[in-house]
Amino acid sequence: MSNLNCSELQVLRSSGQLLLQPLWDRLRTSESLMQSPFFPVIFAIVTYLGFCLPFVVLDFLYPWVPALRRYKIRPDFSPSARHLLPCLGQTLYQHLVFVFPATLLHWVRSPALLPPEAPELLRFLRDVLLCLLLFDAEFFVWHVLHHKVPWLYRTFHKVHHQNSSPFALATQYMSIWELFSLGFFDMVNVTLLRCHPLTVLIFHVVNIWLSVEDHSGYDFPWSTHRLVPFGWYGGVAHHDLHHSQFNCNFAPYFTHWDKILGTLRPAPLPAWCRGCGGCAPDSALLCASHVNQKKHS
């Protein structure tokens, strides 16, 4: 029986690995680029700007498309070029002047090695989730300290809060210390877990997307916090509330640390939810699609 179970488990692992192998083989056709010291910086900038672009387009269309107003958390604010360009300039400057030299030093010490096999699917999913949970915990501690200690806030974190109304390109508008802190957490987590290079890439893609979405200023019915059940994930509405009130919702993604510390503050229901017809106004009765939002309270 034991041998049978072991055999079945091995087949499951092999099947899971086969699902990711075509993707990994395709990526390895660009092995010279992926092993280049330029790749991490190019990948980070392209992924970040690629995720920001749809929200920048929405912000551009916002004054002429009234339908977008019901999804905007702060309907009276729309970022202009005066807001967008300094954020874009600082992101590019910091990556070229600070991140690239650090990446180059890391590459000289330990060049990237790409194994021929893709990771097993179950381990891949586990490692991505663990990286997100670890990052969430680490940044929560960092974030609380940089709000509770005035010197840390003034010196390092205040830059990020200069935009009290978040928008996508403001995601990485931060001090170089904050940027390196986040990068350090990423590097430590994938190293401790001994993540496969494909896992590292996908984790970074997910992490960048969640960060951009948190700062986007738009609360859509398909936003991530509406897809994760039981109010486990805070999302854009909760992080937007942090930018306006400063003393709540410190965790970047999940809600458990703020619940434990007593700093979780529920975000108000968006206009599209209040007026959907399925949610009873001024009551606890919500339609099924909106019940997760109420669970934050």
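Residues numbered from 1 in each chain as written. Predicted model: local features only at pLDDT ≥ 70, side-chain atom pairs only at ≥ 80, totals over all residues. Heavy atoms only, no water.

## Quick notes on unusual backbone geometry
Move 1: With a phi close to 55°, Arg194 is a non-glycine residue in the positive phi region.
Move 2: The topology assignment puts Arg194 in the loop between α7 (176-192) and α8 (197-215). (Helix = DSSP H or I, 4+ residues; strand = E, 2+ residues; numbered from the N terminus.)

## Re the packing of aromatic side chains
Move 1: Throughout the structure, instances matching the rule amount to 21 aromatic pairs.
Move 2: Relative to Trp64, the ring of Phe60 has its centre 5.7 Å away and its plane inclined at 50°; by these criteria the two rings are tilted.
Move 3: Since its relative accessible area comes to 61%, Trp64 is described here as exposed.
Move 4: Pairing Tyr233 with Phe254 gives two aromatic rings, centres 5.8 Å apart and planes at 90°, and the pair type is edge-to-face. Here Tyr233 is found in the loop between α9 (224-227) and α10 (235-245), whereas its partner Phe254 is found in the loop between α10 and α11 (256-261), with 21 residues between them in sequence.
Move 5: Chaining the aromatic ring pairs together yields one cluster made of Phe51, Phe55, Tyr71, Trp209, Tyr218, Phe220 and Trp222.
Move 6: Against the face of Tyr62 rests Lys72, its NZ or CZ located 5.7 Å from the ring centre.
Move 7: The lysine or arginine in question, Lys72, covers the ring of Tyr218, its NZ or CZ lying 5.1 Å from the ring centre. (Phe/Tyr/Trp six-rings, centres within 6.5 Å; stacked < 30°, edge-to-face > 60°. Buried < 20%, exposed > 50% of the residue type's maximum accessible area, 1.4 Å probe, protein only. Lys NZ or Arg CZ within 6 Å of the ring centre and 35° of its normal.)

## A short note on the environment of Gly262
Move 1: Counting through the fold element by element, Gly262 comes out in the loop between α11 and α12 (271-274).
Move 2: Between the C-alpha atoms of Gly262 and Cys248, which are 14 residues apart in sequence, the distance is 8.6 Å.

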